[in-house]
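# What the coordinates show
In case you want the letters, here they are:
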Amino acid sequence: MAQAYVKKTSYHWLSKPLIGDDGRIYICSGNNFFAFENNGSIAWTMHIDYKCNVDMAPVHGGPGKIYLVAENRILRINYGNIGTSEPSLDVFLEEAEIIGLSVSTLSSIVFINVKNRGLFAYMSHGRLLWSVGPVLYQFGYRQGCRKNITDCYFASVPVLDQCEASIYISNTEGELYSLSVRSRHFRWIQDFSSLDKNFTITAGNNGHLYVTVPARALVLALDVFSGNVLWQRSVGPLSKVDSEPVVDSNGWVSIGSLDGFLYSFSPTGVLKKFSRKNTENSLVQVGPFLDCSGFAVYSSQTEMEGKVSHTIGEYTVVSAIRPKAALFTMLVPATGSIYWSEGYPGQLSTLLSKSDLSQFVVDEEIFLAFLAASMIGTPLQCRTIGQKLASSCSQSRTKLVSIYTGNERAIVLFLLFESALLAVLIGLVRFFCTFWAKKKLKDQGLGSFLDKRRSLQLQKKALDRTITELDQKAEEEAVDNEVFEKVGDIVRKRESIERKLSTTYSLGRDRSDSQPKPMLPLHMGKTKSYSFQGAKLQKLTMFHTLSDTSSSESSTEGDTSMLEGMDLLAKAKAKSPMVEDTSTSSNEEFRRRSPSDIT
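Residues numbered from 1 in each chain as written. Predicted model: local features only at pLDDT ≥ 70, side-chain atom pairs only at ≥ 80, totals over all residues. Heavy atoms only, no water.

So, about the pairing of strand 21 (residues 200-203). A two-sided burial pattern is seen for strand 21, the buried positions comprising T200 and T202 on one face and I201 and A203 on the other. In terms of strand pairing, strand 21 meets strand 22 (residues 208-213) through 4 bridges, oriented antiparallel. Counted as the bridge partner of T200 is T212 from strand 22. Taken together, strand 21 and the strand that follows it, strand 22, pair antiparallel across an intervening segment of 4 residues, in which N205 is found at a positive phi of about 55°. (Buried < 20%, exposed > 50% of the residue type's maximum accessible area, 1.4 Å probe, protein only. Helix = DSSP H or I, 4+ residues; strand = E, 2+ residues; numbered from the N terminus. Pairing = 2+ DSSP bridges.)

Written out as structure tokens, the structure reads:
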């Protein structure tokens, strides 16, 4: 329940701060939870029955909700219910030892790491979604804790990548795990124990994941899809074992060092170093804070009365004597532009002494949080969390992991070849399905079907040769009408064979045996043919009606027609002089006949 805060003469330590969407700073101290305005005054306070963990910052849990670790419990604060009849505080979960938590506001899932038990995923209403330990047996293989299985457990705060919907967590053996927010199965595991077993994890929300190894003063950028290291850079000595950088909306990652510089790296690993004071006696003890736009950062540089640095093996140790002053700066790492800078003591110390913060122990981290929330000296427009995520997520790669490596042209040609081969296979499958569905094939078998088709093709070729020879002879010499009648019979035999080859004995699907529409009226009875010849038979034109006999003929009839055609060809050669005179007289007689007589 909210109540008025009463000032006391004693000083209280504050937990790590949380800057809310409403611009307020949420901090816990002892058994009280505070909401500060950005000017340092208290907006409201809430008494809790458990002592909060000052090493863990409150976690944003959605509109009007904040999750807080207090002793061995996770408390859910519904500050939107303050002043109403609804409860504003409830215990979400109680466990033995809670190492850390994070909340996915988009999926409404709370992730909790419990020492020696594993990672748990709960829906916001309290239902357990899934849980997993640092050791997982999958497909018959052990994943995780490869060197020590007995004393291995998840040892870090679960880090959420809002763009990729992924969770990252490390164990006590220096291994880093990647999981989906909806599944308990590991996407990949990377072993960094060769560098150090203790490191911090920072989600870039831009396709990169950053691992900071304080003992080695290293910052590594990982690909979120595969876990591969994209680049690795060295920085100056870091102040704490839990030092972690901050990533802005331009994709630049910034971290402070005890050598007095602010190190900023581009998404590709390009380094920029910033310092406003002489670095000989200055240092940067805490990490920077993002401003409300997401593009600029607030950082501090502390000037000491004295500083000594010495190297022991691969490690650098920095010793400092009493702080003299501090310089706070707001800058944009991507461009190097500095928009605001202010010293302490100064005007800032005066504002601090007049606010409610004067009753608490305020370090540089707390002060930077209030500067970032108050938007001092920034000309940049503030943006919502959704707008910031949309800007950073757009920098992520559009494709996941490339399947092929090597020559891109060869890959394209190979894909084209695969596509063409697939099209051919589809055509063959369709053809064979149609072919095997033929009725004639089912009746007599494949061998008999192919033999009959081959026989018909040979007959057709023989008839074509016979017709061609007769046509050539008719153009050169005059022949009688008996020859043309026989030629008509041969043409009909060929047409019958062609119909069989295109319907019953075709390789495609069965089609109906449809006859072409005749050009002249059909004559019910025998076939009649008409021939018109000139004096020397320069051109021959035949019109004939179809007979009423069946179009399907046997192969024996086809052979007989071929023999008759050969005999007629021989007779035509013997009679050619006589036929020429007859054809001439017939032609003259035809001219004298009227059209009605012809009909």
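On we go.
The next thing to look at is the packing of aromatic side chains. Aromatic ring pairs are described here by two measures, namely the spacing of the ring centres and the angle between the planes. One pass over the structure, following the stated rule, counts 22 aromatic pairs. Centroid distance F92 to Y122: 6.1 Å. Interplanar angle 85°. Geometry classified as edge-to-face. Here F92 is found in strand 10 (residues 89-94), whereas its partner Y122 is found in strand 13 (residues 118-123), with 30 residues between them in sequence. Sitting over the ring of F261, K273 keeps its end group 4.3 Å from the ring centre. (Phe/Tyr/Trp six-rings, centres within 6.5 Å; stacked < 30°, edge-to-face > 60°. Lys NZ or Arg CZ within 6 Å of the ring centre and 35° of its normal.)

The subject of this paragraph is the sheet that holds strand 19 (residues 175-180). If you trace the 4 strands from one edge of the open sheet to the other, you get 17-18-19-20, paired in antiparallel fashion. The two strands at the open ends of the sheet, each matched to only one other strand, are strand 17 (159-161) and strand 20 (186-191). Sheet twist, expressed as the mean angle between neighbouring strand axes with direction ignored, is 20°. Across 5 bridges, the pairing between strand 19 and strand 20 is antiparallel. Within strand 20, the position partnered with E175 by the bridge is D191. (Axes fitted to C-alpha atoms, helices over the stretch in contact; angles between N-to-C directions.)

Time to look at helix 2 (residues 364-374). Helix 2 sits mainly inside the fold: 11 of its 11 residues count as buried. Restricting attention to buried positions, one finds in helix 2 the residues E364, E365, I366, F367, L368, A369, F370, L371, A372, A373 and S374. Directly after helix 2, the chain includes M375, whose backbone phi takes a positive value near 60°.

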